[in-house]
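A structural walkthrough
In case you want the letters, here they are:
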Amino acid sequence: MSDREVDVRRARLDSLRKSGIDPFPAVVEKFESISKVIEMHDGKSIDELEREAPETAVVGRVRAKRSFGKLLFLEVVESGTRIQLSARKGSAPQEVFEALKAIDVGDFIRVGGQVWRTQKGELTISVKSQTLLSKSLRSLPEKWHGLSDVEARIRQRYLDLIANEGARRVAVLRSGIVSSIRSFLDSRGFLEVETPVLQPIYGGAAARPFTTHHNTLDQELYLRISDELYLKRLVVGGLDRVYEIGHNFRNEGISRKHNPEFTLVECYQAYADYSDMMEVAQGLVQGAAEKTLGRLLITYQGEEIDLSGEWPRVTMRDAILRATGVDVLSAENLESLRKATREASLPDLTAPTWAKAVDELFSREVEPHLVQPTFITDYPVALSPLAKRSSEDERLVERFELFLGGFELGNAFSELNDPEDQRRRFEEQVNDAASGDEEAHPMDEDFLIALEHGMPPTGGLGIGVDRLVMILADASNLREVILFPHLRPETS
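The structure reproduced in this document is the subject of the present report.

Definitions and cut-offs
- Residues numbered from 1 in each chain as written.
- Predicted model: local features only at pLDDT ≥ 70, side-chain atom pairs only at ≥ 80, totals over all residues.
- Heavy atoms only, no water.
- Helix = DSSP H or I, 4+ residues; strand = E, 2+ residues; numbered from the N terminus.
- Rg over C-alpha atoms; globule rule 2.2 N^0.38 Å.
- Buried < 20%, exposed > 50% of the residue type's maximum accessible area, 1.4 Å probe, protein only.
- Contact = heavy atoms within 4.5 Å.
- Areas by Shrake-Rupley, 256 points an atom, 1.4 Å probe, with all protein chains shown as cover.
- Lys, Arg positive; Asp, Glu negative; His and termini not counted.
- Charge placed at Lys NZ, Arg CZ, Asp CG, Glu CD.
- Salt bridge = Lys/Arg side-chain N within 4 Å of Asp/Glu carboxyl O.
- Core = buried A, V, L, I, M, F, W, Y, C linked by side-chain atoms within 4.5 Å.
- 1 Å grid on protein atoms, 1.4 Å probe; cavity = no way out; pocket = protein on both sides within 12 Å on 5 of 7 lines; lining within 4 Å.
- Points joined across faces, edges and corners; volume = space filled by probe spheres on them.
- Nonpolar A, V, L, I, M, F, W, Y, C, P; charged D, E, K, R; others polar.
- Axes fitted to C-alpha atoms, helices over the stretch in contact; angles between N-to-C directions.
- Parallel < 35°, antiparallel > 145°, perpendicular 65-115°, else oblique.
- Left-handed = near helix turned anticlockwise from the far one by under 90°.
- Pairing = 2+ DSSP bridges.
- Phe/Tyr/Trp six-rings, centres within 6.5 Å; stacked < 30°, edge-to-face > 60°.
- Lys NZ or Arg CZ within 6 Å of the ring centre and 35° of its normal.
- Patch = residues over 30% accessible without salt bridge, like charges linked within 9 Å, V, L, I, M, F, W, Y side chains within 5 Å.

Some thoughts on the overall build of the protein chain
The helix and strand inventory of the protein chain stands at 15 helices and 18 strands. In summary, the protein chain has a C-alpha radius of gyration of 29 Å against a globular reference of 23 Å for 492 residues, an excess of more than 25%. In terms of overall dimensions, the protein chain has C-alpha extents of about 90 × 55 × 50 Å along its principal axes. For the protein chain, buried positions account for 48% of its 492 residues. The long-range share in the protein chain, meaning contacts at least 24 apart out of those at least 6 apart in sequence, stands at 65%. Of the roughly 24400 Å² of accessible surface on the protein chain, 49% is carried by carbon and sulfur atoms. Taken together, the 62 basic and 81 acidic charged side chains of the protein chain have centroids lying 10 Å from each other.

Below, the structure is given as structure tokens:
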């Protein structure tokens, strides 16, 4: 918008004030929602509306305006629903007609009048009274779509929501998904709790944290990377089923699947294991799809996905073996695994340890092909310092990740509740950190003391809310489903 256009609108604002009109009044007289007006009258014919002559009042933002000399048409939108307004010179009060002529697209107004239908069949309100509710000093975008506008749409999300119905649909869908998650867990006896965002020791995941400083305490603090260790403290304390839906922060790269600030739902259930949490994960996702979309057969980026039925469970070993022919448990060290991948004509592995090389191989060769919902189970111990060892193979833990649409959606463990084993795992992570692993888990003595008081067998689950919204909204990038994602600074 040019400076001249802004100046013209400011001049109108000054004129309104000089004439005694408050362009930003605090009180709004009674009105009906536009959706209710449409619901009440949309099924009525031209003749029925003429006989009944129903009166109403609505509010909204002016989104379009057309002038035909003595006849004005405006379009107002409220809560995503539009209705047409009309005013004819000589029929509408003179001051109302002149005020509507001076209205700018983008202004908020309240109008009262009679509901009628045009010869083309459009439901319309013939305006008899009007009140300016808020003056807009900048015009709205006329065209706000296309790849060239993606960055601008995200930076100015308010304009995106005004002009792009798809953006509004995703925002509403996201709210419904979060509501369904909360309802699902509440119905199963989980207690919603809140844990610290600022933490003296970060933990619960393999990630670099954001660091900050508390001036009064002169203390280094971290933005949490996970809720896990605090939620497990609550299980120790006797809260047997707990969950939190909250923001987490990881100082990592940005991609279509990653944002430094993201929303995670984590839940913990005493007297359960990772098999029980598979049932929770499946029910939670299916419930969200049914509540918000009304179906379990969905399409994501051109692929049809069936969320119904029981989802398959495949060990990480078997998944890699099927995709590559490499048996990672037979290749028991890093060099033998690298040799096996070379013999299978696969790209060289770059990870520094056997466990991380297994994860690299899986992420590269298997994960992108897991479009249908699939539980991948039994991960290397070194990748999962908070999970209980498998009773069948000491090299593995009772862990699953849920994959959907070609990427990870959730992560779950049979939680490690042996404090001595947990201490050894933490010590191994501390050694990894000393060797340069920036994502190694730190030692947490307070958490170990909590475990020493006793924690029952517990199943834990975390699901990325942003990624779930991506799937159900058929969005290709996290930026499309987070209202205010992190962006690089604008260049001047």
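Focus: the pattern of salt bridges
According to the stated counting rule, one finds 33 salt bridges in the structure shown. Residues Arg-157 and Asp-160 are paired through a salt bridge, measuring 2.7 Å at the closest nitrogen-oxygen approach. Residue Arg-157 and its partner Asp-160 are both found in helix α6 (residues 157-163); the two are separated by three residues, about one turn of the helix. This pair shows no difference in class: Arg-157 is buried, exactly as Asp-160 is. The residue Asp-446 makes a salt bridge to Arg-233 at a minimum N-O spacing of 3.0 Å. Note that Asp-446 is positioned in helix α14 (residues 445-452) and Arg-233 in helix α8 (residues 228-236), a separation of 213 residues in sequence.

Observations regarding the environment of Ala-92
As for its placement among the helices and strands, Ala-92 is situated in the loop between β3 (81-88) and α4 (94-101). Along the chain, Ala-92 and Ala-207 lie 115 residues apart, while their C-alpha atoms are 65 Å from each other. In contact with Ala-92, other than residues within four places in its own chain, are Ala-87 and Val-127.

Here's the deal with the nonpolar core
Counting 48 residues, the largest nonpolar core has Leu-185, Phe-400 and Leu-472 as the members making the most contacts within it. Once residues within four sequence positions are removed from consideration, Phe-400 is found in contact with Tyr-274, Met-277, Met-278, Ala-281, Phe-375, Ile-376, Thr-377, Tyr-379, Gly-410, Asn-411, Ala-412 and Leu-461.

Overview of empty space enclosed by the protein
Under the definition given, this model contains one cavity of 30 Å³ or more. Approximately 40 Å³ is the volume attributed to the largest cavity. If you list the elements that add at least two residues to the lining of the largest cavity, you get α10 (316-324), α12 (354-365) and β15 (374-380). Here the residues of the lining of the largest cavity sort into seven nonpolar, no polar and two charged.

Focus on the layout of surface pockets
Rolled over the atoms, a probe sized like a water molecule indicates the empty space that remains. In this structure, the second largest pocket encloses a volume near 370 Å³. In terms of lining residues, the second largest pocket is bounded by 16 residues, among which Arg-63, Val-77, Gly-80, Leu-161 and Ile-162 are the most central. The set of elements that each furnish at least two residues to the lining of the second largest pocket consists of β1 (55-67), β2 (71-78), α6 and α7 (165-187). The residue inventory of the lining of the second largest pocket, partitioned by class, reads five nonpolar, four polar and seven charged.

Points about the packing of helix α13 (residues 419-434) against α14
The geometry of α13 relative to α14 is characterised by a closest axis approach of 9 Å and an angle of 160 degrees between their N-to-C directions. By the angle class used here, α13 and α14 are roughly antiparallel. Taken as a pair, α13 and α14 cross one another with a handedness that is right-handed. In this structure, α13 contributes Pro-419, Gln-422, Arg-423 and Phe-426 to the contact, and α14 contributes Glu-445, Phe-447, Leu-448, Leu-451 and Glu-452.

Section: the sheet that holds strand β7 (residues 198-199)
Note: strands within a sheet are paired through backbone hydrogen bonds, in either parallel or antiparallel orientation. The three strands are arranged β7-β9-β8 in an open sheet whose pairing can be described as antiparallel. Single-partner strands in this sheet number two, and they are β7 and β8 (211-214). Here β7 pairs with strand β9 (residues 219-223) via two bridges, running antiparallel. Bridging from a neighbouring strand, Leu-198 pairs with Leu-223 of β9.

What to know about the packing of aromatic side chains
As enumerated under the stated definition, the model contains seven aromatic pairs in all. A ring pair is formed by Tyr-300 and Phe-407, whose centres lie 6.2 Å apart and whose planes are at 80 degrees; its orientation type is edge-to-face. Of this pair, Tyr-300 sits in strand β12 (residues 297-300) while Phe-407 sits in strand β17 (residues 407-414), placing them 107 residues apart in sequence. Just as Tyr-300 is buried, Phe-407 falls in that class too. Look at Trp-311 and Phe-375: their rings are 5.8 Å apart centre to centre, the planes differ by 35 degrees, and that puts the pair in the tilted class. Of this pair, Trp-311 sits in the loop between β13 (303-306) and β14 (313-315) while Phe-375 is found in strand β15, placing the two residues 64 residues apart along the sequence. Note on accessibility: Trp-311 and Phe-375 belong to one class, buried. Site record: aromatic cluster; members linked through ring pairs are Trp-311, Phe-375 and Phe-400. Taking the ring centre of Tyr-230 as reference, the NZ or CZ of Arg-233 above it sits at 4.6 Å. Over the ring of Tyr-379 we find Arg-399; its NZ or CZ atom is 4.4 Å from the centre of that ring.

What about the pairing of β17?
For β17, the buried fraction is high: six of the eight residues fall into the buried class. Sheet analysis places strand β16 (residues 396-404) next to β17, joined by six bridges and oriented antiparallel. Paired with Glu-401 across the strands is Asn-411, a residue of β17. Counted between consecutive antiparallel strands, the loop separating β16 from β17 contains two residues, among which Gly-405 sits at a positive phi close to 70 degrees.

A short note on a nonpolar patch on the surface
Taken together, the side chains of Leu-161, Leu-483 and Phe-484 present a nonpolar region at the surface, about 290 Å² in accessible area. Examined against the element boundaries, Leu-161 turns out to sit in helix α6. Classification of Leu-161 by relative accessible area gives partly exposed; the value is 32%.

Honestly, it's all geometry; don't read function into it.
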